[in-house]
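Chain residues, written in single-letter form:
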Amino acid sequence: MPPASISSGSKKGLRGRRKHPAVHLIGFPMDLGADRRGVDMGPSALRIADIDEKIRALGYVVEDEGDIEIQVPEVLKIRDPHLKYLPEITAACEKLARKVKRVLRHGSFPLVLGGDHSMAIGTIAGVSGYCRDEGKRLGVIWIDAHSDINIPGTSPSGNIHGMPVAALIGIGSPALAKVGGDFRKLDPGNIVMIGLRSVDAGERKLIKEHGVRTFTMTDIDRLGIYRVMEETLQYLGERADHIHVSFDLDSVDPTTAEGVGTPVPGGLTYREAHLIMEMIAEFGAFSSLEVAEVNPILDTMNRSALFAADLVASAMGKRIL
Ligand SMILES: [Mn+2]
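Residues numbered from 1 in each chain as written. Predicted model: local features only at pLDDT ≥ 70, side-chain atom pairs only at ≥ 80, totals over all residues.

1. Some remarks on the confidence of the model for the protein chain
Point 1. For the protein chain, the average pLDDT comes to 94, and 94% of its residues sit at 70 or higher.
Point 2. When the criterion is pLDDT under 50, residues 1–18 qualifies, and its contacts beyond four places in sequence or with other chains add up to 39 contacts. (pLDDT = per-residue confidence, 0-100. Contact = placed C-beta atoms within 7 Å.)

So this is what it looks like as structure tokens:
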């Protein structure tokens, strides 16, 4: 049987309609947005970590939809150094958006396995399109060391995995902003970022200008993760009835998860990461999830993917007792 929190969610949420939502895994093996090889193997590492069995053990039906096909950078050309692999990333994210939307329309729960964090452009475009059709208000919890709100003019690297939040709130590259349809996917006031510790100067300005709510690692040190999550869920609970969680594994400290796209010291502890997920699981409106930047190349014996799979289980309702 699934835990009580799955069937007793908000009446407006996915769980109000279906007592046993099927979880659909979608692999997105892309590293074009990161300009670094390794995160394209993330979906494989998560499957090897038995992510499907860990969710099945909680009482869900799990269906694996396989991977979305993505070309390797060796056969591609960088046409614009400020938006590397833009056409290929846009095309792959379009496919992902359609798939995510279809899963939600069937009353199921999409779990997207990445892949670099530019995947969020596709995932959230799909979620947003679904919410738009259903008259739901979308809220996003963005768990990340980075704020990923660069635009081509502020990005030091031209790597699109640093730009998904900008694309979703409709600034920066129009091609990225139009993935999944020509409308703004996300209200910047409906985003909460947690775990920030590496923010570019241009990003700092954009966060303030657009009123994105943030909890940096300093905030977590001072308030404690329990209060940060209470405030996050209260804030989004007042504004949204579909909560999507975009989880970048680099939010976690490299001593716990070394196999990530861009490791930054001073991150979430093992228990902080689990408590975040446990509190999200209890929140009725939680209806879609993606895991980004799992990098087996920098890992030891797949430890980071195993940790990420356990975190997903916590998000889906796994409890100690
Ligand atoms: Mn990220």
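2. Section: the sheet that holds strand β3 (residues 109–114)
In sheet architecture, strand pairing relies on hydrogen bonds along the backbone and comes in two forms, parallel and antiparallel.
Point 1. Reading across from one edge, β2-β1-β3-β8-β7-β4-β5-β6 is the order of the 8 strands in this open sheet, with parallel pairing throughout. Every interior strand has two partners, whereas the edge strands, β2 (62–67) and β6 (213–216), have only one. Here the average twist between neighbouring strands, direction ignored, is 15°.
Point 2. Where strand β4 (residues 138–143) and strand β7 (residues 242–248) come together, 6 bridges link them in parallel fashion. Within β7, the position partnered with Trp142 by the bridge is Ser246. (Pairing = 2+ DSSP bridges. Helix = DSSP H or I, 4+ residues; strand = E, 2+ residues; numbered from the N terminus. Axes fitted to C-alpha atoms, helices over the stretch in contact; angles between N-to-C directions.)

3. Focus on the packing of helix α12 (residues 270–281) against helix α13 (residues 303–315)
Point 1. Between α12 and α13, the shortest axis-to-axis distance is 7 Å and the interhelical angle comes to 30°. The angle between α12 and α13 falls in the class roughly parallel. In contact with Ala273, His274, Met277, Glu278, Ile280 and Ala281 of α12, α13 contributes Leu311, Ser314 and Ala315.
Point 2. Across the contact of α12 with α13, the residue classes break down as 6 nonpolar, 2 polar and 1 charged. (Parallel < 35°, antiparallel > 145°, perpendicular 65-115°, else oblique. Nonpolar A, V, L, I, M, F, W, Y, C, P; charged D, E, K, R; others polar.)

4. Considerations on helix α11 (residues 225–239)
Point 1. In this model α11 runs 21 Å from its N-terminal to its C-terminal C-alpha over 15 residues, within 8% of the 21 Å that 1.5 Å per residue would give.
Point 2. Residues Ile225, Val228, Met229, Thr232, Leu233 and Leu236 constitute the buried set of α11. Projection of α11 onto a plane perpendicular to its axis shows the buried side chains occupying an angular sector of 125°, all on one side. Turned more than 90 degrees away from the buried face of α11, the exposed residues are Tyr226, Gln234 and Glu238.
Point 3. If you follow the buried residues of α11, they end up packed against β4, β5 (191–196), β6, α10 (217–223), β7 and α12. (Expected span 1.5 Å × (residues − 1). Buried ≥ 20, exposed ≤ 12 C-beta atoms within 10 Å, placed from the backbone. Arc of directions from axis to C-beta.)

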